[in-house]
Amino acid sequence: MLKQLLEIQADIVSNIERNAPIIGLRNPMIGAGAEDFTWLYPEDYFWTDSFWTGNLWLAHMLTGKDELKNLARMRYAHFKDILDKPLWLNHDLGFEYSLTAVADYKLTGNRNARELALKAADALRSRFNWHGKYLVAWEAGAEDTAHAESVQGKIIIDCMQNLSLLMWAWKETNVQAYRDVAIAQADTTLKYIVRDDFSTYHTFDFDTSTNKPIKGCTHQGYADESCWSRGQAWAIHGFAQMALLTGDERYIEASMKLADYVFEHITPDLVPVWDYLLPEYEIQYKDTSAGSITAAGLFLLGEVLRSSNHIEKAVHYESFGRDMLFALRKKFDISAVPDSQGLLSNAASHLPQANEKDLDYMANAMLPYGDYYYFEAVLRAMGHKKLFW
Ligand code: GLY
C-alpha cells in the first residue's frame, strides 16, 4: 500500500513541478472540458484562487524546494488585493487564506503571512450575524438588490471549511470572539443544514429581519431534498476539522454519521455521483472532487478518533478513505497524462446551472479543489498530520 501511495505522490509532485511555469501567476478555476486537461482562469477573482497555491505549499513541504515556496509567495499581491475589494469578500476567505498565508506561516513562520491571515480572519468574522448566530456566506453584486437581500440570510455547508481560519486566529491571538463565531456557525449548520438522516442541504435561509429559520435548499445539487455529494464532503471534512480543533463529541459524531451516509449511498465503484439521491433516469455524472474531499475528510476523522482512543472506528473510516482514494487513482487520475495540467478528471462543478453549451466542462472536467484535496488525501493516507486547516 505504501508503494502505491508513493507512486501517486510522485505523479502528483511531478505534475505540479511540470505545470508551475505554465500556470505562472494565474489561479486555475476549472478545467476546459471533459477531454481537455488545460485550465481556465478567472478574469480577476474567484473563490477557487487558493487551491493551486495550496498544492504548491504541499509540494514544497514534501520536497523542500524553494522555487515552489517562492511561487506560492509571489501571489501575495493578489491575496492582499482581495481584502481591499468589498465585493470579493465572502465566507470563502477561509479557503483562500488557510491554503496561502496560514500555510506559509505554519511551514515557515513568515510573520507577514501571519498578519495577512489575521486580516482575512477579521474580514471573515465581520460577516457574523450575532443575533442569528450565522456567518453570511455570499456577497451579492451591488447592482442586484433582490439578490443582495436574498443572500443576506443565507448560510451554506461549504462554510464548514472556512472555520479553521477563525480557530487558527483564536489560537494565535487569544481573542475569544474568533472561536465563538466558528463554534456558533458549526452549531447553526448542525442544527439546520444537517438533516435527521445525516444527509445535508446545501444552503439554509433565515429571515433577515427576525433571523427565524425559513428553509433548506440544495442549490448545486439535484433537488432541494436531495443530497449534493460535494456538500456532504465539505461537511464530513469540516466537522472532522472542528472535532480536532475543539474535541467536541457532537462534531465527531456528526462527521461519523455524515460519512456513514456516504458509505450507505455511494455506488460500488466508490466514486461519488454528483448527487447521492440522483434518480436513475438522469445521466450519472461523477464528481471526483466529492470523492477526494470525502477521502481527505475520512483520514482526518480517523485522526480525531485515534486521538480519543477509538482505534477500531478510526481503522474503519481510514480504510473507507483509502478505498475511495484508490478508486479515484484507478479510473480518474490524469496526473501522469502528458500535457495534463491537473490531477483528476470528471468533476462536476455546477450541474443545475449548466446549459447544454457549458455541460462539457461544468459537469465533467478538472477542478482545482478536487486536485488540492486529492493531494491532501494522499498525504493524510501516508500519515501527515500537520496540514493547513
Ligand atoms: N464552494 C463551492 C463549490 O463547492 O462548488
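Calculation notes
Residues numbered from 1 in each chain as written. Predicted model: local features only at pLDDT ≥ 70, side-chain atom pairs only at ≥ 80, totals over all residues. Heavy atoms only, no water. Pairing = 2+ DSSP bridges. Helix = DSSP H or I, 4+ residues; strand = E, 2+ residues; numbered from the N terminus. Axes fitted to C-alpha atoms, helices over the stretch in contact; angles between N-to-C directions. Contact = heavy atoms within 4.5 Å. Core = buried A, V, L, I, M, F, W, Y, C linked by side-chain atoms within 4.5 Å. Buried < 20%, exposed > 50% of the residue type's maximum accessible area, 1.4 Å probe, protein only. Near = heavy atom within 4 Å. Polar contact = N/O pair within 3.5 Å; in protein donor to acceptor, adjacent residues only side chain to side chain. Areas by Shrake-Rupley, 256 points an atom, 1.4 Å probe, with all protein chains shown as cover. Phe/Tyr/Trp six-rings, centres within 6.5 Å; stacked < 30°, edge-to-face > 60°. Lys, Arg positive; Asp, Glu negative; His and termini not counted. Salt bridge = Lys/Arg side-chain N within 4 Å of Asp/Glu carboxyl O.

S.K.: An account of the sheet that holds strand β7 (residues 213-217) is needed here, citing residue identities and associated values.
M.R.: Pairing in this open sheet of 3 strands is antiparallel, and the strands run β5-β6-β7 from one edge to the other. Of all the strands in the sheet, just β5 (154-156) and β7 have a single pairing partner and so form its edges. Each strand axis lies, on average, 20° off the axis of its neighbour in the sheet, ignoring direction. As defined by bridge partners, β5 adjoins strand β6 (residues 203-206) across 3 bridges and the pair is classed as antiparallel. Bridge assignment links Lys-154 to a residue of β6, and that residue is Asp-205.

S.K.: Go over the side chain of Lys-69, please, and point to the residues and values.
M.R.: Position of Lys-69 relative to the elements: it lies in helix α3 (residues 66-73). What Lys-69 contacts, discounting residues up to four positions off in sequence, is Trp-57, His-60 and Thr-108.

S.K.: Give me the lowdown on unusual backbone geometry, citing residues and values where you can.
M.R.: At Phe-198, a position not held by glycine, the phi torsion is positive, near 65°. Looking at the element boundaries, Phe-198 is found in the loop between α9 (176-192) and β6.

S.K.: Residues and numbers for the nonpolar core, please.
M.R.: If you look at the biggest cluster of nonpolar residues, it comprises 126 residues, and the most contacted ones within it are Tyr-97, Leu-163, Leu-165, Leu-166, Phe-239, Met-242 and Tyr-373. In contact with Leu-165, not counting residues within four places along its chain, are Leu-93, Gly-94, Tyr-97, Ser-98, Val-102, Ala-117, Ala-120, Ala-121 and Leu-124.

S.K.: Lay out the site of the ligand in plain terms, naming residues and giving numbers.
M.R.: In the region of the ligand, the neighbouring residues are Trp-47, Asp-158, Gln-220, Trp-228, Arg-230, Trp-234 and Tyr-369. Within the side chain of Arg-230, an N or O atom sits 2.6 Å from an oxygen atom of the ligand. One nitrogen or oxygen atom from the side chain of Trp-234 is found 3.0 Å from an oxygen atom belonging to the ligand. Protein coverage of the free-state accessible area of the ligand, which is 190 Å², stands at 94%.

S.K.: Help me get a handle on the packing of aromatic side chains, residues and values and all.
M.R.: Between two aromatic rings, the relevant description is the distance of the centres plus the angle of the planes. All told, the structure shown has 28 aromatic pairs when counted by the stated rule. Measuring from ring centre to ring centre gives 5.1 Å for Tyr-372 and Tyr-373, while their planes differ by 85°; the resulting arrangement is edge-to-face. With respect to class, Tyr-372 is no different from Tyr-373; both count as buried. Ring centres of Tyr-372 and Trp-389 lie 6.3 Å apart, and the angle between their planes is 80°; on these two criteria the pair is classed as edge-to-face.

S.K.: Account for the side chain of Asp-275, with residues named and values stated.
M.R.: Turning to its location among the elements, Asp-275 is positioned in the loop between α11 (249-265) and α12 (288-307). Within the buried set, Asp-275 has no salt-bridge partner at all; the shortest N-O distance to an opposite charge, 7.6 Å, is to Arg-195. Of note is the side chain of Asp-275, whose polar atom sits 3.1 Å from the backbone nitrogen of Cys-227. Within the structure, the side chain of Asp-275 is placed 2.8 Å from the backbone nitrogen of Leu-277, a separation counted as a polar contact. When residues no more than four places from it in sequence are discounted, the contact partners of Asp-275 are Gly-221, Tyr-222, Ala-223, Ser-226, Cys-227, Trp-228 and Ser-229.

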